[in-house]
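An overview of the molecular structure
Letter by letter, the chains look like this.
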Amino acid sequence: MVLLASTVSVASFKDGASLAQAVYDRKSPQDSSAQVEMLLNKDGKMKKRRILFSYGLDKGNSERLTLMRFTEPKDVDGTGLLSKDYLGDNNDQWLYLPSLDRVRRISSKRKGGRFVGSDFFYEDLRDREVNMDTHSLKGEGKAGKVSCLLLESIPVHKTNSIYTKRLSCIHPKILLPLWTEFYKKKSEPIKRLRAKRIKKYDGYWTVFESVMDNLKKGTSTQLITQKVRYNQSIPESLFTQRGLEDSVQEIPYRPAAPKHAPASK
C-alpha cells in the first residue's frame, strides 16, 4: 500500500460518530463501474480465480444501488447479485443463477451467508449507515508504517448485524479504512479486511486491491481492480431484476479491459 504518512490526532474529530460520518460522506462518484479479479486462497495458495464486473449508483439520501456480475470461469459465468440499500435499516438483495434462469431473493436472515463461496458475507456487500452503530474513538493505530485513527462500531440493534462489533483503522486525511476487523462475541476478530493498494484516480481515492482474511479458517479472498470508470450516467434501469437477468444491458457501461491485466501476487 502506497500512502504518505500523515499526522494523526484524535482531537481532529470530536467523537467517534463525527469520524464515522466523515468516512460515510467522503467524496465519491455518482456512479462507477469496474472490472475486478477475485482470487480465492487457502493457506496462502490460490485455489480459484474469477472475473467480475461491478456497477454502483448513488442516488443520495443513503439510497445506493449495486450490481455485480461474474464472467469467468464458466461455472459462474452470468451469476449476478443486485443490492439495494435504502434510508434506515432497509435493503433488498437478489441473486441471479443462470443455470436455473431465475432470480432468487436473499433473505435478511442470510446476512452471514458466504457470497459465491468467498470470504465475503452478504452483509459485507451492503451499505451501512452511520446511525446503525454506536461509534467510539479508541486512539491511534497503524497499518504498516501508516498511522490511523481506531474507530470501534457496535450495532445499535443486535439483530441488524451478524457482527458484535467492527474495529477500523481510518486514514485521517483520505478517510478510507486501511483495515477493518470483524468480531463475533469473542475478544478475537473472526475476519480482517485489508486495503493493500490505494490510489487517487479521476479525483477519487480508490482501493485497487484488498484482501478479506478469514482468521478462523485460514482462507482469504483477494479483490484486484483491473479497470475502473466513474460518472458515466449509468441508468437506474440497470439496477432492476430485469437488468439482473439481462447482462447485455451492462455492456455499454463496462470499463474497457486492459491489454495486459496486472499480475496477481
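The structure presented is a predicted model; accordingly, all values stated were derived computationally and were not measured. (Residues numbered from 1 in each chain as written. Predicted model: local features only at pLDDT ≥ 70, side-chain atom pairs only at ≥ 80, totals over all residues. Heavy atoms only, no water.)

Glancing now at the overall build of the protein chain. Helix and strand counts for the protein chain come out as 2 helices and 13 strands. Relative to a compact globule of 265 residues, whose C-alpha radius of gyration would be 18 Å, the protein chain shows 18 Å and is just as compact. Along the first, second and third principal axes, the C-alpha set of the protein chain runs to 50 × 40 × 40 Å. Considering only intrachain contacts with a sequence separation of at least 6, the fraction spanning at least 24 residues in the protein chain is 49%. Carbon and sulfur atoms form 50% of the exposed surface of the protein chain, whose accessible area is close to 13800 Å². Distance between charge centres in the protein chain, computed from 48 positive and 31 negative side chains, equals 5 Å. (Helix = DSSP H or I, 4+ residues; strand = E, 2+ residues; numbered from the N terminus. Rg over C-alpha atoms; globule rule 2.2 N^0.38 Å. Contact = heavy atoms within 4.5 Å. Areas by Shrake-Rupley, 256 points an atom, 1.4 Å probe, with all protein chains shown as cover. Lys, Arg positive; Asp, Glu negative; His and termini not counted. Charge placed at Lys NZ, Arg CZ, Asp CG, Glu CD.)

Most of strand β9 (residues 165–170) sits out of view: 5 of its 6 residues are buried. Pairing analysis gives 5 bridges linking strand β8 (residues 146–155) to β9, with the strands arranged antiparallel. Looking at β9, one finds that L151 is bridged to S168. From the end of β9 to the start of strand β10 (residues 177–183), which pair antiparallel, there are 6 residues, and L175 there has a positive phi angle of about 60°. (Buried < 20%, exposed > 50% of the residue type's maximum accessible area, 1.4 Å probe, protein only. Pairing = 2+ DSSP bridges.)

A volume near 220 Å³ is recorded for the second largest pocket. As for the second largest pocket, its lining consists of 14 residues, of which K184, I190, K191, N214 and K216 are closest to the centre. Taken together, the residues of the lining of the second largest pocket sort by class into 4 nonpolar, 2 polar and 8 charged. (1 Å grid on protein atoms, 1.4 Å probe; cavity = no way out; pocket = protein on both sides within 12 Å on 5 of 7 lines; lining within 4 Å. Points joined across faces, edges and corners; volume = space filled by probe spheres on them. Nonpolar A, V, L, I, M, F, W, Y, C, P; charged D, E, K, R; others polar.)

Structurally, the position occupied by K48 is in strand β2 (residues 45–60). Owing to a relative accessible area of 44%, K48 belongs among the partly exposed residues under this scheme. K48 has contacts with M38, L39 and L40, leaving out every residue within four places of it along the chain.

In this section: the pattern of salt bridges. A side chain of one charge can pair with a side chain of the opposite charge when the charged atoms of the two come close. For the structure shown, the criterion picks out 18 salt bridges. One salt bridge connects D124 with K191, and the closest N-O pair in it is separated by 2.6 Å. Note that D124 is positioned in the loop between β6 (102–105) and β7 (133–143) and K191 in strand β11 (residues 191–201), a separation of 67 residues in sequence. For the pair shown, D124 and K191 are each scored as buried. In this structure, the salt-bridge partner of K165 is E152, at a minimum N-O distance of 3.3 Å. Pair noted here: K165 is in strand β9 and E152 is in strand β8, with a separation of 13 residues, a long-range link. One continuous salt-bridge network, built from bridges that share partners, spans E123, R128, D133 and R166. (Salt bridge = Lys/Arg side-chain N within 4 Å of Asp/Glu carboxyl O.)

With an omega of -5°, the peptide bond between E72 and P73 qualifies as cis. If you trace the backbone, P73 turns up in the loop between β3 (63–72) and β4 (80–86). Not every positive phi belongs to a glycine, and N231 is a case in point at roughly 50°. With respect to the element layout, N231 can be found in the loop between β13 (219–230) and α2 (241–245). A positive phi is found at S233, a non-glycine position, where the angle reads about 60°. Locating S233 in the fold gives a position in the loop between β13 and α2.

The next thing to look at is empty space enclosed by the protein. Taken as a whole and assessed by the stated rule, the structure comprises 1 cavity of 30 Å³ or more. Size it by volume and the largest cavity reaches roughly 50 Å³. Listed by contribution, the elements that provide at least two residues to the lining of the largest cavity are β4 and β5 (90–97). By residue class, the composition of the lining of the largest cavity is 2 nonpolar, 3 polar and 4 charged.

Our next topic: the state of the cysteines. Summed over the entire model, instances satisfying the criterion amount to 1 disulfide. Between the sulfur atoms of C148 and its disulfide mate C169 the distance is 1.9 Å. Taking the sign of the S-S torsion, about -115° here, the bridge from C148 to C169 comes out left-handed. Residue C148 is located in strand β8, and its partner C169 is located in strand β9; the two are separated by 21 residues in the primary sequence. (Disulfide = S-S within 2.5 Å.)

From the geometry alone we can't say anything about function, so treat these as descriptive.
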